[in-house]
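Each chain, written out:
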Amino acid sequence: MERQTGTPSGTPAPPARQPAATLDDVDRRMVAELVKDGRIAVRTLAERLHISRANAYSRLARLVRDRVIRGFSVRLDPAQVGLTTAVYVTMRIEQNAWRDVRERLIRLPAIQHFALTGGAFDIIALVRVPDQAHLRALVLDEIQSIPGVRNTQTQLVFEEVPDEMLGGFPL
């Protein structure tokens with residue numbers, strides 16, 4: 001018998017959580033180095049960790065295969081690419097609509113990140129847009145028109161601390 005996947009509404013189910021990978025000290029140091037500089041050469045990585053290049057390659061391949069490392073990317077300065085307005089949009093939603101709301105929010109490119117939360121609101125989304133006109137259109141015309149979204153609040157971001165100034169992952 002074939003096992004069905006997805007949700008009753010026909011949308012794909014989110015990927016199942018895998019058990020946490022077991023990381024030893026070398027893995028943790030490798031991840032910390034890669035968080036600081038994702039473009040580091042494997043040779044340099046091996047030297048910093050005091051392991052062979054072959055060991056570094058195999059550990060890196062395992063960390064990627066096990067999805068400890070989900071990918072390598074570029075961090076942009078939002079203002080330098082024209083996204084000068086940043087806000088957090090909080091949403092209260094109808095509880096049975098969260099899957100559909102989630103699928104609609106995924107398709108909005110101005111949303112950089114969002115999370116389903118508990119407490120005073122149900123969803124918080126980091127939004128980056130060029131200006132207030134784009135923000136108005138996004139919130140009033142797109143987010144508030146999603147079936148299941150009951151209300152929104154928008155908090156303007158005055159200043160952000162860049163990722164590279166933060167501690168990273170506490171491995």
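Remember, predicted model here, so these are calculated numbers, not experimental data.

Parameters at a glance
Residues numbered from 1 in each chain as written. Predicted model: local features only at pLDDT ≥ 70, side-chain atom pairs only at ≥ 80, totals over all residues. Heavy atoms only, no water. Patch = residues over 30% accessible without salt bridge, like charges linked within 9 Å, V, L, I, M, F, W, Y side chains within 5 Å. Areas by Shrake-Rupley, 256 points an atom, 1.4 Å probe, with all protein chains shown as cover. Salt bridge = Lys/Arg side-chain N within 4 Å of Asp/Glu carboxyl O. Helix = DSSP H or I, 4+ residues; strand = E, 2+ residues; numbered from the N terminus. Buried < 20%, exposed > 50% of the residue type's maximum accessible area, 1.4 Å probe, protein only. Core = buried A, V, L, I, M, F, W, Y, C linked by side-chain atoms within 4.5 Å. Pairing = 2+ DSSP bridges. Axes fitted to C-alpha atoms, helices over the stretch in contact; angles between N-to-C directions. Contact = heavy atoms within 4.5 Å. Parallel < 35°, antiparallel > 145°, perpendicular 65-115°, else oblique. Left-handed = near helix turned anticlockwise from the far one by under 90°. Nonpolar A, V, L, I, M, F, W, Y, C, P; charged D, E, K, R; others polar.

**Q** Residues and numbers for a nonpolar patch on the surface, please.
**A** On the surface, a cluster of nonpolar side chains totalling about 300 Å² of accessible area is made up of V35, F169 and L171. Looking at the element boundaries, V35 is found in helix α1 (residues 25-36). Residue V35 is classed as partly exposed on the basis of its relative accessible area of 36%.

**Q** Provide a residue-level description of the nonpolar core, including the pertinent values.
**A** If you look at the biggest cluster of nonpolar residues, it comprises 20 residues, and the most contacted ones within it are M91, V101, L105, V127 and I143. Within the residue set of this core, elements represented by two or more residues are β1 (85-93), α4 (98-106), β3 (123-129) and α5 (132-143).

**Q** So, the sheet that holds β1: which residues are in play, and what are the values?
**A** Hydrogen bonds between backbone groups are what pair the strands of a sheet, and the pairing can be parallel or antiparallel. Pairing is antiparallel across the open sheet formed by 4 strands, whose spatial order is β2-β3-β1-β4. Of all the strands in the sheet, the pair left with one neighbour each is β2 (111-116) and β4 (149-156). Neighbour to neighbour, the strand axes of the sheet diverge by 20° on average, direction disregarded. Of the pairings in the sheet, the one linking β1 to β4 comprises 7 bridges and is antiparallel in character. What sits directly across from M91, in β4, is T152. Strands β1, β2, β3 and β4 of the sheet are contacted by α4, whose axis makes an angle of about 165° with β2. Docked against the sheet, α5 engages β1, β2, β3 and β4, running at close to 15° with respect to β1.

**Q** An account of the packing of α1 against helix α2 (residues 42-49) is needed here, citing residue identities and associated values.
**A** Orientation of α1 relative to α2, taken along the N-to-C sense of each, is 130°, at an axis distance of 10 Å. Overall, the two elements α1 and α2 adopt an arrangement that is oblique. As α1 runs across α2, the sense of the crossing is right-handed. Here V26, R29, M30, E33 and L34 of α1 lie close against α2, whose contacting residues are L45, R48 and L49. Across the contact of α1 with α2, the residue classes break down as 5 nonpolar, no polar and 3 charged.

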